[in-house]
Amino acid sequence: MSEKPPALPHIKVLDLSRVLAGPWCTQILADLGADVVKVERPGAGDDTRHWGPPFLKDAQGNETEQAAYFTCANRNKRSITVDLAKPEGQALIRQMAAQSDVLVENFKVGGLQHYGLDYDSLKAINPRLIYCSVTGFGQDGPYAERAGYDLMIQAMSGMMSITGRGDGEPGGGPQRVGVALTDLFTGVYASTAILAAIEVRHRTGEGQHIDMSLLDVGMAILANQAGGFLNTAKVPQRQGNSHPSLAPYQDFETQDSAMLLAIGNDGQFARFCQAAGKPEWAADARFASNTQRVKHRDALIPAMQALTRTRSTADWVALLEDKAVPCGPINDIGQAFADEQVKARGLAIHQTRAAGDGIGDIASVASPLRLTATPPVLRRAPPALGEHTDEVLAELGLDAAQRAALHQAGVV
C-alpha cells in the first residue's frame, strides 16, 4: 500500500449500480481514492455475489456460497443495504445524494423516476451532483426501454462477427470475446466521463447527467474495423488470430506449442528474417512492405509456419527478444500470473475482509493506473453484503435507535 496520497480522496460516490459495467467504473474511482458507497438489495445484494462457480473459500480452505465474480469489480468500496421500494429507503438515498459528488446507476430507463431518484429530482437537491446512467441502449431511441447485457451487445454491434475463425475453417463461426469486453470498456469510458464532468464542475459549479450506453461503447471499440467499413463500405470478416491490415501478425505453431508474432513494421520484419536465417524474405518484392505482405499473406504465412515449427516457443522468444521483434508465448491465465514480468509488476494483490465472516484471502488484479504522485490505493477488500450499513448511516447523523428501527422495518 502506497503512503502517498491518492488522487480523489475528496470525491464521494454513491454507487447504485450492479453486475459489471457500473461497478467497474466505480472501482476505478475507488482505486483512485474516492469514497464509494455501494448500495445493495437487503438479503440479496449485487447479482454477481451469486454468479458462481467459482466461489470464495473460507480461512480453512472450504468453499463458501459467495461467488468470486463479485470481487473483481468491488474492491475499495463500502457496502450498505437499502430497500429502494420503501419510502424510508428512498429518503436515505436522497440524503446521501445531497452529500455526494457522483451517483452511478444502471437501472432501466425511467426506473429510478418511480422512486424520485432520477437525475432531475436529485439535481433539485444537489445541483453539483454528477449523475451517470449506464444502460444497454441509452436514454433515447427505439431500443431505450430494452435491457442490455454484454453478450447481446457483442452480437448486435458486430463484435462477434469479427471474432473467431472464418466460416470455412474448423471451429469457424461468430465468437464472443472471452471477457465481458463491452461492460468493461463502458466502465472505463464512464469513469473518464465522470472525471471530465468533475473538471467542468470546477469551472461552472454545476453537475450534469452522463448517458452511457453499452451499444454506443460496443460500436466505438470496433475502432479500425468500424473505420474501415465506414470509409470503404466493405464489411470486415473473421480471420482468426490474423490481422486485416498487418502481416505477419498472428499465432504460429512451434516445435512444442505456439507463439504470437506481432510484427508491425518493415524494420521488425527484416530483423525477424535476419535472425531466422531467411534474409531473402525481406528482399522479396512480395514481402518487402507491409502492404505487399498483407496482399501476399497466402504465400508468406505457410512458409513462416514451416519455419516456426523447427524451434520451441522458448527458443524463438530467446532468439528475438533482443532484436526488437514482438514475440511471446500464448499463455493460459495461470501461466500469465506466473510470468516474471507480471509478478515483478505486482499484478496479483491479496486482501482480507474485515467483516469477520470467515472469508480468507481475497485476490484480485491490481489497478493498471500507475501515477507517480497520487497512485491507486488499496484500502478495503471487496465488502460483505451490508458490511458498512451502520457506519454509513451513522455518518448521516442517525443514532443507534434510529438505525435499529430501520433494520427492524427491513429498510436496511
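This text follows the structure it describes.
Here's what I pulled together on the structure shown here. (Residues numbered from 1 in each chain as written. Predicted model: local features only at pLDDT ≥ 70, side-chain atom pairs only at ≥ 80, totals over all residues. Heavy atoms only, no water.)

Here the structure, examined in full by the defined rule, presents 19 salt bridges. We note a salt bridge from R49 to E40, for which the minimum N-O separation is 2.8 Å. K323 is paired through a salt bridge with D322; the nearest N and O atoms lie 2.9 Å apart. In this structure K323 comes out as partly exposed when scored by relative accessible area, which is 29%. Using a relative accessible area of 58% as the deciding quantity, one classes D322 as exposed. If you follow the salt bridges from partner to partner, you end up with D35, R78, E391 and E395 in one network. (Salt bridge = Lys/Arg side-chain N within 4 Å of Asp/Glu carboxyl O. Buried < 20%, exposed > 50% of the residue type's maximum accessible area, 1.4 Å probe, protein only.)

Okay, the packing of aromatic side chains next. By the definition in use, this model includes four aromatic pairs. On the numbers, 5.7 Å between centres and 65 degrees between planes, the contact of Y119 with Y131 is edge-to-face. Placement of Y119 in helix α3 (residues 119-125) and of Y131 in strand β7 (residues 130-135) is noted, with a sequence separation of twelve residues between them. When the ring centre of Y143 is taken as origin, the NZ or CZ atom of R146, which lies over that ring, is 3.8 Å away. Lying across the ring of F269, R293 places its NZ or CZ 4.5 Å from the centre. (Phe/Tyr/Trp six-rings, centres within 6.5 Å; stacked < 30°, edge-to-face > 60°. Helix = DSSP H or I, 4+ residues; strand = E, 2+ residues; numbered from the N terminus. Lys NZ or Arg CZ within 6 Å of the ring centre and 35° of its normal.)

All right, on to the packing of helix α4 (residues 150-157) against helix α5 (residues 181-204) then. Closest axis-to-axis distance for the α4/α5 pair is 7 Å, and the angle between their directions is 95 degrees. For the element pair α4 / α5, the angle class is roughly perpendicular. Residues D150, I153 and Q154 of α4 form the contact with α5, whose participating residues are L181, T182 and D183. (Axes fitted to C-alpha atoms, helices over the stretch in contact; angles between N-to-C directions. Parallel < 35°, antiparallel > 145°, perpendicular 65-115°, else oblique. Contact = heavy atoms within 4.5 Å.)

Between two packed helices, both the angle of their axes relative to each other and the distance between the axes serve to describe the pair. Orientation of helix α1 (residues 21-31) relative to α5, taken along the N-to-C sense of each, is 45 degrees, at an axis distance of 7 Å. Classified by the interaxial angle, the pair formed by α1 and α5 is oblique. As α1 packs across α5, the resulting crossing turns out to be right-handed. Side by side, α1 and α5 meet where A21, W24, C25, I28 and L29 of the first sit next to D183, L184, T186, G187, V188, A190, S191, I194 and L195 of the second. (Left-handed = near helix turned anticlockwise from the far one by under 90°.)

A few words now on unusual backbone geometry. For the bond running from G52 to P53, omega is 5 degrees, close enough to zero to count as cis. In this structure, the amide linkage connecting A247 to the following residue, P248, adopts the cis form with an omega of -5 degrees. Among the structural elements, P248 can be located in the loop between α7 (223-232) and β9 (249-253). Here A223, not a glycine, exhibits a phi torsion of approximately 50 degrees, which is positive. In this structure, A233 is a non-glycine residue whose phi angle is positive, near 65 degrees. Tracing the sequence through the fold places A233 in the loop between α7 and β9. Residue A233 is classed as exposed on the basis of its relative accessible area of 58%.

Membership of the largest hydrophobic core comes to 33 residues, with the highest contact counts inside it found for V13, V102, C132 and I194. Taken together, the elements giving at least two residues each to this core come down to α1, β6 (102-105), β7, α5, β8 (209-213) and α6 (214-220). Here the element with the most residues in this core is α1; it accounts for five residues. Setting aside its immediate chain neighbours within four residues, C132 contacts L103, V104, E105, A190, I194, I210 and M212. (Core = buried A, V, L, I, M, F, W, Y, C linked by side-chain atoms within 4.5 Å.)

The next subject is the state of the cysteines. Going through the model one piece at a time under the given rule, you end up with zero disulfides. In this structure C132 is a free cysteine whose sulfur lies 5.4 Å from that of C25, the closest cysteine sulfur available. (Disulfide = S-S within 2.5 Å.)

The three strands are arranged β9-β10-β11 in an open sheet whose pairing can be described as antiparallel. The open sheet has two edge strands, β9 and β11 (327-329), and neither has a second partner. Across the sheet, the mean angle separating the axes of adjacent strands is 25 degrees when strand polarity is ignored. Two strands pair when backbone bridges link them, and strand β10 (residues 258-262) and β11 are joined in this way by three bridges, in the antiparallel orientation. When the sheet's bridge partners are listed, L261 is paired in β11 with C327. (Pairing = 2+ DSSP bridges.)

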